Each structure stands twice: as structure tokens, then as C-alpha cells.
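Observations on chain architecture
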Amino acid sequence: MERELALEFVRVTEAAALASARLMGRGKKNEADQAAVSAMRAMFDTVQMEGKVMIGEGEKDEAPMLYIGEELGAKNGPKLDVAVDPVEGTNLVAKGLPNALAVLAIAPKGCLLHAPEAYYMDKIATGPMGRDVVSLELTPKENLNRLAKAMQKDVSDLVAVILDRPRHNKLIQKVRETGARVKLITDGDVAAAVAAAQPNSGVDIALGIGGAPEGVLAAAALKCLGGKMEGRLLPVDPSEFKSKSEIDWEAHQGEPILTMDDLAKGDDVIFAATGITDGSMLRGVRFMKEVAQTQSVVMRSKTGTVRTVDATHRLDRKPRVFQEL
Ligand code: VTB
Ligand code: MG
Ligand code: MG
């Protein structure tokens, strides 16, 4: 992929963030999602590429989405796989809580996992120091002990981030028993996985079951950051949806473990994210008179470059389609 594409993709996440941030704290998660989806779709269509959505997000929560198989882009460009989560953390936006992101990952055709039937994924994510020592094959205790050793810390210095769901009660208990500290989050496990891979984020490892699309997005980011991510898809029957918070994670331990390359293949992956609400990684959108500010990050796995992009947008000069969003 041409490296110039990286900037094009930041425009896409910026557009999604700008559109959904308008609805911050207004208690309307689907509207916030829809605004981001429309903005993303419109901005993607200005990019010279033949993109196809491999990972959309929305099926599991019956939310608005860029659907799997949808073609994006202005054609006459490279054939690319697209993974998107226009609003990662719709509840966070609806309530004005931290860490909501507009995110995407792009890779050449055939490189992003295609698993439309999978809604949930058991995940483990950590940074470069832990990349050779943690795995879903190990118990939480083994992982935390090995990670502490690799990071030259005590286990009690570690912070594990886990989604606060009833399905994680046992996992949380096991992590607490090791002496490690725990950060429970209500949503936003992409941001959590990225934080686990970044030094000084205050988080060392992300564990537990979240959305499958979010797993692919996190893997793309961690590939760029030199971290480690593994996933295990949970073939949850749609009829189980209503009780999805109760998924029995231990019942699915026999599923194959997906490596970072199974999730996002090769070394030509781009990850981009823009903050919607303020978060540990990125500042949220600020609106002023006719002007808005965004903060984004864009990473390329080929070079490992991580760029933070601060942008000031003149809303009155945006193309009409974006003004109306
Ligand atoms: C997580 C979280 C997301 O979905 O992936 C979660 O990071 C998992 O599903 O922000 P449940 O909410 O059903 O537990 C989100 O909350 C929404 O995409
Ligand atoms: Mg979403
Ligand atoms: Mg999401």
C-alpha cells in the first residue's frame, strides 16, 4: 500500500468521529453510530481504492453498520480489505464517557480475517516486552507470572484490563488471586488492547471476551506496535444473544487459537483511530464556532511508525455532504 493512504484513512476516522461526537451524551447510541457510519462511507468513497468490508461491526448489537461485503472507495486503486468500527463504544458516546473511538484497519486483499458468523472473541493482548511469554494456551496465573518476569516487575505491579461483564467473573477472580491489579471497563476493548501495548499507559495486559471485529482491529494495531495478540472465536448461537453477557468462556477453550497473522496477515497493515470522547490514547472532538478539533493516531506495520495527527477542521468549508451529517 502506498504510504500516502495512511493520511486518507485518518480522514475517514476523523469524519466518523466528527459526526458522532455531535451526539455525545445525548443518550442515543444508534443515532451516534449511524452518523459515524454515514460519514465513514462518504469519506471512504473519496479514496482511490477498491475496498471491501471484511469486518464490519453492528451485527451482534443489531446496530447501524458498514456491512460485510460492502464495496468502498473510488475504485481505480489497490484492492484492499477493510475492517471498521465507526463508533467503538456507542454506549460511551451516548453517555459521554471516556475512550470512544472511530477506528479502522486496512490491509491488502485477503489479509484480514473473514469470520462473519463470529460475534465474540476471547482475547489476550500485551506489549512488546510480553510478546514471547503470554498466550491463550496458558492460565491467567501463568500469563501474569510470565509477563511480570519479562517486564521485570512484581505481579502486584501489573494492571490487567477486563470488560466488566458477568461472563468474566471467574476470570476476574483468577486474576485477582495472582495479586495483579485489575481495571474494569464498561466498553471499548480496542482502546484497552492498544493501551496494553503502549508503554506508560498504566495497563499491561488486556484479557477476556469482547467483540470479534474489535479483535481484528486490535490485532492490526498491535502488529504495528510490536505487541502480541491472540484470539479465539466463540461460535455463539444467535439464540444465545439475549443472554450474551453470560457466555461460558470455559466451554469454548477447545476452539483454535488465532495468531496475530491469522487476524491480520502480513506486514502491510494500517490502523487508524480518532478520539470521539476523551480517552487515555486520544483526546475527544472539540467543537468551537465553525471549527472542530480532532486527535487521531495512524500506524503502519511496515515501518512501525506511529503518528499522532491533530487536526483543526473548518466545518463551513467541508464538502456539503459532511456538513449535513
Ligand atoms: C466489546 C467492547 C465494545 O462490545 O467488544 C463489547 O469493546 C463486547 O460485547 O465496545 P458485549 O457488549 O455484548 O459484551 C462493545 O461493547 C460494543 O462494540
Ligand atoms: Mg461500534
Ligand atoms: Mg465496537
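Rules used throughout
Residues numbered from 1 in each chain as written. Chains lettered and ligands numbered in written order. Predicted model: local features only at pLDDT ≥ 70, side-chain atom pairs only at ≥ 80, totals over all residues. Heavy atoms only, no water. Domains from an automatic or database assignment. Contact = heavy atoms within 4.5 Å. Buried area = accessible area lost by both parts, 1.4 Å probe. Salt bridge = Lys/Arg side-chain N within 4 Å of Asp/Glu carboxyl O. Polar contact = N/O pair within 3.5 Å; in protein donor to acceptor, adjacent residues only side chain to side chain. Helix = DSSP H or I, 4+ residues; strand = E, 2+ residues; numbered from the N terminus. Nonpolar A, V, L, I, M, F, W, Y, C, P; charged D, E, K, R; others polar. 1 Å grid on protein atoms, 1.4 Å probe; cavity = no way out; pocket = protein on both sides within 12 Å on 5 of 7 lines; lining within 4 Å. Points joined across faces, edges and corners; volume = space filled by probe spheres on them.

Re the domain arrangement of the chain
Along its sequence, the chain is organised into domain 1 (5–111 + 267–323) and domain 2 (120–263). Just the C-alpha atoms count here: the centres of domain 1 and domain 2 sit 24 Å apart. Listed per partner, the contact involves 28 residues of domain 1 and 23 residues of domain 2. In this assembly, domain 1 packs against domain 2 so that about 2000 Å² is buried in total across both faces, 70% of it on carbon and sulfur atoms. At the junction of domain 1 with domain 2, the criterion picks out zero salt bridges. The interface formed by domain 1 and domain 2 includes two residue pairs in polar contact (both at pLDDT 80 or more). Mapped by element, the contributors of at least two residues to the side of domain 1 that touches domain 2 are β3 (79–88), α3 (90–95), β4 (101–108) and β12 (291–300). When the residues that make up the side of domain 1 that touches domain 2 are grouped by side-chain class, the tally is 14 nonpolar, six polar and eight charged.

Focus: empty space enclosed by the protein
In the structure shown here, the tally under the stated rule is two cavities of 30 Å³ or more. Size it by volume and the largest cavity reaches roughly 140 Å³. Residue lining of the largest cavity: 15 residues in total, with G56, E59, A118, A212 and P213 positioned closest to the centre. Breaking the lining of the largest cavity down by element, the ones donating at least two residues are β1 (50–55) and α7 (212–225). Classifying every residue of the lining of the largest cavity by side-chain character gives 10 nonpolar, two polar and three charged.

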